[in-house]
Amino acid sequence: MWPRFASARNLSSRTASKAGGLAPDAAALAALGQNRIALKLHAACTVPPDCLGINLAQQPAQRLAAGATLAAGAYLVHPGPYALRLQPHPEVAEIVLALKLVLDQPDPRLPEQRFDLFLRTEGTDQIEAAQFCAQLQTCVQQAVQDQQLSLQTCASAKEWQQFRAGLEKLLYVRFGWSVEACLPQDIGTQLDAADVLLAQTAQLDSLEASATPPQVRADNTANQAATQAPTEASVKPANTRALMRRLFLELPALVQAWRQLPWPIDSALFAQRQLLFHRLDMISAEVATPAANAPDCGPALQQTLELAWARLAQMQCLPAAKLPQAQTEINTICQQWEVALRLKTPIPPTEAGRHD
Amino acid sequence: MTKPAQCQTLLQDGRMLCIDASLRPANERAPVKCQIKATGNPGQQQNVTQKLVRAVQLARLSEASDTGSRQGKQVLLELNLLPQDTEQHWQLAAVIADKLARGVLQQTNATIYACGFSPAWASAQVESEPAMVQALLQAIQKENSNPPQPVIAYLGQAATASAATPSAQHNIHYIRHLGQLEHPAASAPVHRTRHYRAWFPLVGAGENDSLSWVEANQRALPEGVVPGEDIILTANASQQLAAREVLQAARAGENKPAMRWRSAIEFAPTPFIGDSWQLAMVLADRISRGRAFPANNRLIASGRSSNWQSGEIETVEGIEAKCRLLLHQTQAGDRIVLPAAWQTQLPAKFIAQIEEKEASCVLVQRLGLW
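All figures in this text were calculated on a predicted structure; none of them were measured in a lab.

**A look at the overall build of chain B**
- What chain B contains, in helices and strands, is 8 helices and 14 strands.
- Taking contacts inside chain B between residues at least 6 apart in sequence as the whole, the part at least 24 apart equals 74%.
- Accessible surface for chain B amounts to roughly 15,700 Å². Of this, 49% is attributable to carbon and sulfur atoms.
- Distance from the positive charge centre (35 side chains) to the negative charge centre (32 side chains) of chain B: 4 Å.

Structure, rendered in structure tokens:
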């Protein structure tokens with residue numbers, strides 16, 4: 001019997017000697033499940049109990065249970081639950097949501113689990129719980145600002161349930177994590193919105209002092225985003241190259257999910273939809289081999305990507321009658337990408353998305 | 001010898017308006033009173049008086065705590081001329097005269113001039129049009145050069161100042177916000193405010209039914225600073241006390257360790273009738289302090305309480321007329337909040353009709369978390 005050279009053990013030891021990385025130490029492992037959600041491996045490692053391994057070398061990514069061996073480049077993940085606090089409304093600093101977040105069993109219907117895709121496209125060496133929470137918060141606040149999620153004055157129990165359902169769907173579709181508990185909390189005894197405003201004021205004042213424009217509106221109305229995330233950093237704007245890579249890797253998953261929406265049987269819409277998906281394929285091809293002088297479209301790409309995932313979450317809850325509206329939305333998103341990638345000139349805004 | 005509190009400003013027609021300010025015992029009078037000692041169209045008089053009283057009081061939000069000899073006094077502002085309806089540059093002069101009277105600004109032996117207005121006095125921003133500023137500077141030069149007299153001028157900042165060269169004895173200050181009155185350095189910290197406007201249906205005889213509004217302006221204070229008294233602007237002085245009491249009780253029910261804001265609550269000039277404005281005011285106050293969710297478009301509320309500390313919302317009158325008004329005036333994104341007691345008395349399909357307009361409506365028993 002020949003030795004199985006291709007076995008994971010051999011592979012990992014070869015990779016380890018090539019990379020020269022170290023296996024994670026006890027402290028790093030202990031942090032998993034506490035203040036750290038995921039850890040990228042630089043050397044082979046056995047998956048500790050209570051954790052799972054995500055091997056991105058395969059397509060789709062492979063999930064491995066405790067006891068399995070992982071090669072360098074794979075991720076160790078603790079599925080939680082994690083107790084996180086996020087501020088859902090950018091203008092309301094004193095109300096937060098106490099979330100219990102957990103990485104659920106994989107959904108067999110998905111070609112690749114959303115969190116595995118997240119690690120593939122957005123994964124860093126370490127994913128700290130606080131930093132992850134900040135990203136969730138940004139996503140939720142954007143959805144609230146876009147009125148995709150509704151937090152109403154004096155919300156009724158029913159309205160609160162609706163909000164919670166929308167939030168859960170959004171976080172699952174965008175990040176692949178499930179919400180086990182979600183409770184609103186008044187943190188007025190711990191934090192005062194006055195301090196938030198004073199901090200923003202100080203920031204603005206120092207910006208004004210360094211710049212020299214004569215007139216800055218001092219009035220601070222409902223347009224300032226106030227984050228209450230435990231860490232300073234929210235979503236850092238990544239560079240264009242990284243975002244093109246994200247788009248390249250995420251577009252197939254988005255398109256597949258869009259294709260699978262329960263579209264009504266309507267040949268006119270079907271024809272339009274086929275054209276739309278063809279255009280999306282073109283975008284895929286474009287980002288696969290970016291031109292040497294790729295346009296600097298990072299922020300636009302990022303914004304539209306986030307929007308695409310958020311809207312997908314919403315579309316998956318729409319009744320069939322409202323799906324034509326969804327098609328218009330996908331068209332708008334596609335257009336935004338085309339414009340950002342200079343594949344098309346901008347078309348004057350139509351009533352796309354408005355449904356009368 | 002210090003002069004009595006006075007500030008002068010140039011009107012559009014080239015005449016110099018003098019605003020004299022003095023203190024009188026309050027005795028439950030309005031905090032600010034305006035007298036115009038010039039004849040003119042009564043409508044115009046009323047207009048200017050109202051604008052002045054509001055501007056001066058809202059501008060007091062630039063003072064974090066109560067300073068000067070405010071306690072128990074009324075400030076009387078007397079104008080020797082009547083400005084045009086469309087003019088606004090005299091407003092800064094009124095604000096300054098008020099601060100002089102209360103000792104917030106020190107009166108010296110210099111003649112004080114001002115020229116400026118604000119898009120929102122509660123925000124303490126000051127602006128002006130260059131033409132008005134130039135005209136004033138020229139007038140100052142003319143009146144105070146021969147023989148030279150000490151002068152201080154406060155001018156709202158438009159663009160970069162390319163003013164007439166001031167003489168050595170002229171003290172010309174360009175300000176962008178009222179904080180610079182006390183600290184002339186341009187780097188004086190700008191206080192920023194949050195504000196929120198809520199609406200409430202006002203119904204009377206049926207013809208003049210309308211949505212009136214209440215706006216809460218909040219100025220954030222550092223820890224340890226004792227906020228000055230809430231500034232409350234109502235159409236009638238007598239309604240001020242009612243509003244003050246409601247505000248105090250509603251805030252007491254919030255379980256907050258300290259009040260970190262100074263507030264200016266402004267009602268629309270239409271006098272309110274009854275108590276149904278209370279819920280709108282309480283909600284506007286909370287939303288502006290970051291403690292409740294705002295509406296997507298307008299928040300419209302009607303309700304009262306005899307025990308605001310508990311947050312229990314009680315019924316108010318005029319259900320039919322108010323619902324009719326709401327159905328007529330609601331816009332997409334509006335949020336309507338009504339007392340739970342109205343549940344059985346709402347017109348048929350009221351909520352469905354509101355929702356058809358892409359607005360939403362909720363009936364509330366008690367003010368909870370948000």
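**Some points on the environment of E122(A)**
Residues and elements named next belong to chain A.
- For E122, the location among the structural elements is in helix 3 (residues 114–122).
- Separated by 124 residues in the primary sequence, E122 and R246 have C-alpha atoms spaced 7.4 Å apart.
- Apart from the residues lying within four places of it in its own chain, the contact partners of E122 are R114, Q135, R174, R246 and E250.

**With respect to the confidence of the model for chain B**
- Mean pLDDT for chain B: 90, with 92% of residues reaching 70 or above.
- Here the prediction assigns the complex a pTM of 0.88, and the interface score ipTM is 0.91.

**Focus on the interface of chain A and chain B**
- In this assembly, 40 residues from chain A lie in contact with 41 residues from chain B.
- In total, chain A and chain B occlude about 3,800 Å² of area from one another, counting both sides; carbon and sulfur atoms represent 52% of this.
- Taken together, the connections running from chain A to chain B amount to 7 salt bridges.
- In this structure, K256(B) engages E94(A) in a salt bridge whose closest nitrogen and oxygen atoms are separated by 3.0 Å.
- Residue assignment for the side of chain A that touches chain B shows that the elements contributing at least two residues are helix 5 (157–175), strand 10 (178–186) and helix 6 (193–210) of chain A.
- Here the element with the most residues in the side of chain A that touches chain B is helix 6 of chain A; it accounts for 9 residues.
- A class-by-class count of the residues in the side of chain A that touches chain B yields 17 nonpolar, 13 polar and 10 charged.

**Regarding the pattern of salt bridges**
Residues and elements named next belong to chain A.
- Taken as a whole and judged by the stated rule, the model has 42 salt bridges over all chains.
- Linking D116 and R63 is a salt bridge whose minimum nitrogen-to-oxygen distance equals 3.0 Å. Pair noted here: D116 is in helix 3 and R63 is in strand 4 (residues 62–64), with a separation of 53 residues, a long-range link.
- With relative accessibility at 1%, the residue D116 sits in the buried group.

**Topic: helix 10 (residues 323–340) of chain A**
Residue and element names in this part refer to chain A.
- The terminal C-alpha atoms of helix 10 lie 26 Å apart, and with 18 residues this matches the ideal 26 Å at 1.5 Å per residue to within 8%.
- Burial in helix 10 covers these residues: L323, A326, Q327, E329, I330, I333, C334, W337, E338 and A340.
- Lining the buried residues of helix 10 we find helix 7 (240–259), helix 8 (267–288) and helix 9 (298–315).
- Positioned one or two residues after helix 10, R342 has a phi angle of 60°, which is positive.

**Thoughts on the packing of aromatic side chains**
- A complete count under the given rule lists 14 aromatic pairs over all chains for this structure.
- Between the aromatic rings of F267(B) and F272(B), the centroid separation amounts to 4.7 Å while the plane-to-plane angle is 55°, which identifies the pairing as tilted.
- What makes F272(B) buried here is its relative accessible area of 7%.
- Linked through ring pairs, Y82(A), F115(A), F118(A), F132(A), F175(A) and W177(A) together constitute an aromatic cluster.

**Observations concerning the pairing of strand 8 (residues 95–102) of chain A**
Residues and elements named next belong to chain A.
- Burial within strand 8 is extensive, with 6 of its 8 residues counted as buried.
- Note that strand 7 (residues 82–86) and strand 8 share 5 bridges and pair antiparallel. Paired with Y82 across the bridge in strand 8 is L101.
- Looking at chain direction, strand 8 and strand 10 are connected through 8 bridges and run antiparallel. Counted as the bridge partner of L97 is P184 from strand 10.

Cut-offs used in this document
Residues numbered from 1 in each chain as written. Chains lettered and ligands numbered in written order. Predicted model: local features only at pLDDT ≥ 70, side-chain atom pairs only at ≥ 80, totals over all residues. Heavy atoms only, no water. Helix = DSSP H or I, 4+ residues; strand = E, 2+ residues; numbered from the N terminus. Contact = heavy atoms within 4.5 Å. Areas by Shrake-Rupley, 256 points an atom, 1.4 Å probe, with all protein chains shown as cover. Lys, Arg positive; Asp, Glu negative; His and termini not counted. Charge placed at Lys NZ, Arg CZ, Asp CG, Glu CD. pLDDT = per-residue confidence, 0-100. Buried area = accessible area lost by both parts, 1.4 Å probe. Salt bridge = Lys/Arg side-chain N within 4 Å of Asp/Glu carboxyl O. Nonpolar A, V, L, I, M, F, W, Y, C, P; charged D, E, K, R; others polar. Buried < 20%, exposed > 50% of the residue type's maximum accessible area, 1.4 Å probe, protein only. Expected span 1.5 Å × (residues − 1). Phe/Tyr/Trp six-rings, centres within 6.5 Å; stacked < 30°, edge-to-face > 60°. Pairing = 2+ DSSP bridges.

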